[in-house]
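Now for the letters of each chain:
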Amino acid sequence: MLCIHNGNIIDGKRKDFYQGDILIDKGKIVEISCNNLCYKAEKIIDAKNLWVMPGFIDVHCHLREPGFEYKEDIASGTRSAAAGGFTSIACMPNTKPTIDNAAMVNFIKMKAAQEGKVKVYPIGAITKGREGKELTEMKELLEAGVIALSDDGDPVSDSRIMRLALEYAGQWGLPLISHCEDKSLAKDGVMNEGIISTMLGLKGIPSAAEEIMVARDVILAGTTGAPLHIAHVSTKGSVEIIRKAKSMGIKVTCETAPHYFSADEKWVDGYDTNAKVNPPLRTEEDVEAIKKGLQDGTIDIIATDHAPHHRDEKEIEYPLAASGISGFETAFALCYTNLVTENVISLVELVNKMSTIPARIFKIHGGTLEVGKAADIAIVNLKEEYTIDVQGFYSKGKNNPFHGKKVKGKVVYTIVQGKVVYDDGKII
Ligand code: DOR
């Protein structure tokens, strides 16, 4: 048995934390107590002054396998996730081939079982080959084990197809994750449209490119009654549309990613390709609106959009560089530093947004620490300040604009199904 001793426990159910011990046996939590349980265990983790919480659940990451293993693969991606305190992750289907049939879903599950350090849940494509033309066999994907459907990386531009997709997936309560981008407006833009894009001489992507699609999709979710989840919300207007939709009773949930409240368009100045991401980093006003949305619950959850790329795809001219940020290993610290220490949300609310609520929306096991449930746990040191160093990443992707920045809050242990998979800097 393993005992996590004397930690500050956030269990994902109560609004407050308490001090105590957690006893783990055969992958499950068998006892939680304010009394010392060490005498029952062979192995003890001393969690004094540390915070013990349900392992983080990321519903939006790119593991790149199959097809782009030079960027990341399931082995490296799940190690990176473990180092970030994640115990369950859902991977997007923009692989090659696309995850758009049961055989591909089974391939991901098999590879994850063989090589994965954390639990991996595949997301299937909405349309075949993510081409936006023909719906996938959704029932087959559902039966194979997908937790959601998405063409992420690209929108479903055709509104008729999107409506059909919502109608079909909605029958089984299977959420569609929408990448909201009007391609005709975004066109060949490479950063947020505004004064800075003009100054830098870079083509801009207007906020409207995102907001038009957010509006379209919440209208379609409203008329079909199907569950819709909006990916990587980045603008003030999107937050306002979603807030309004929720007040109208439309079944919409959404996520933002740590970079949308930790950085803004100014980070592109100097043509830093690591700050190139889609949707792009927006204005200070947008950042404030994202924080407000997190605060009032309009933005339900935080997902990483972990998008590793090879250095050859980033160390080139800005317009040609690939979009994306390798984000597993900086997610918690950015959230803690920019949201909790800034009093935007409390630590308990952060744990809800990084674990409890994603588990609920996508019907994934986890998100709470309860007797009888799987022992998927993150243990963090909130006092530790450190400088982000991408060279220390377990991810193959070193593309992260926060390199060199000082942050607070370090993941010390990650425990998956009762097994310690990450121990103070080392993958076990
Ligand atoms: O920046 C991004 N990178 N946004 C996306 O939607 C896709 C992702 C990727 O796959 O690299």
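Residues numbered from 1 in each chain as written. Predicted model: local features only at pLDDT ≥ 70, side-chain atom pairs only at ≥ 80, totals over all residues. Heavy atoms only, no water.

1. Notes on helix H13 (residues 347-361)
In step 1: Over its 15 residues, H13 extends 20 Å from the first C-alpha to the last, a length consistent with the 21 Å expected when each residue adds 1.5 Å.
In step 2: Lysine 353 marks where H13 bends most, by close to 45°.
In step 3: A large share of H13 lies buried, amounting to twelve of its 15 residues.
In step 4: For H13, every residue scored as buried is listed here: Leu347, Val348, Leu350, Val351, Lys353, Met354, Ser355, Thr356, Ile357, Pro358, Ala359 and Ile361.
In step 5: A positive phi of about 50° marks lysine 363, the residue just after H13. (Helix = DSSP H or I, 4+ residues; strand = E, 2+ residues; numbered from the N terminus. Expected span 1.5 Å × (residues − 1). Bend = angle between axes of the 7 residues up to and from the residue. Buried < 20%, exposed > 50% of the residue type's maximum accessible area, 1.4 Å probe, protein only.)

2. What about the sheet that holds strand S6 (residues 56-61)?
In step 1: Pairing is parallel in the open sheet, where three strands are placed in the order S6-S7-S8. If you trace the sheet from one side to the other, it starts and ends with S6 and strand S8 (119-122), each paired once. Pairwise comparison of adjacent strand axes, ignoring direction, gives a mean angle of 20° for this sheet.
In step 2: Bridge count for strand S7 (residues 86-91) against S8 is four bridges, and the pairing is parallel. Bridging from a neighbouring strand, serine 88 pairs with lysine 119 of S8. (Pairing = 2+ DSSP bridges. Axes fitted to C-alpha atoms, helices over the stretch in contact; angles between N-to-C directions.)

3. A closer look at the site of the ligand
In step 1: As a structural note, the neighbourhood of the ligand is formed by 14 residues, with Arg64, Asn94, Asn278, His309 and Ser323 the closest of them.
In step 2: Between the ligand and serine 323 there is a distance of 3.0 Å, counted from a nitrogen atom to a backbone nitrogen or oxygen.
In step 3: Within the backbone of glycine 324, one N or O atom sits 3.3 Å away from an oxygen atom of the ligand.
In step 4: Taken together, the residues of the shell around the ligand sort by class into two nonpolar, nine polar and three charged. (Near = heavy atom within 4 Å. Polar contact = N/O pair within 3.5 Å; in protein donor to acceptor, adjacent residues only side chain to side chain. Nonpolar A, V, L, I, M, F, W, Y, C, P; charged D, E, K, R; others polar.)

4. Some remarks on the environment of leucine 174
In step 1: With respect to the helices and strands, the residue leucine 174 is situated in the loop between helix H4 (159-171) and strand S10 (176-178).
In step 2: Sequence separation between leucine 174 and lysine 139 is 35 residues; the distance between their C-alpha atoms is 9.6 Å.
In step 3: Those residues in contact with leucine 174 that sit more than four places away from it in its chain are Leu142, Val146, Ile147, Ala148, Leu149, Ala169 and Pro227. (Contact = heavy atoms within 4.5 Å.)

5. What about the sheet that holds strand S13 (residues 228-230)?
In step 1: The parallel open sheet is built from five strands, whose spatial order is S9-S10-S13-S14-S15. Strands with a single pairing partner mark the edges of an open sheet, and in this sheet they are strand S9 (149-150) and strand S15 (301-302).
In step 2: When strand S14 (residues 252-256) meets S15, the two strands line up parallel, connected through two bridges. When the sheet's bridge partners are listed, glutamate 255 is paired in S15 with isoleucine 301.
In step 3: Of the strands in this sheet, S10, S13 and S14 touch helix H7 (residues 207-224), which is tilted by about 165° from S13.
In step 4: Along the sheet, helix H8 (residues 236-247) makes contact with S13 and S14, crossing S14 at roughly 155°.

The values reported here are purely geometric and, on their own, carry no functional implication.
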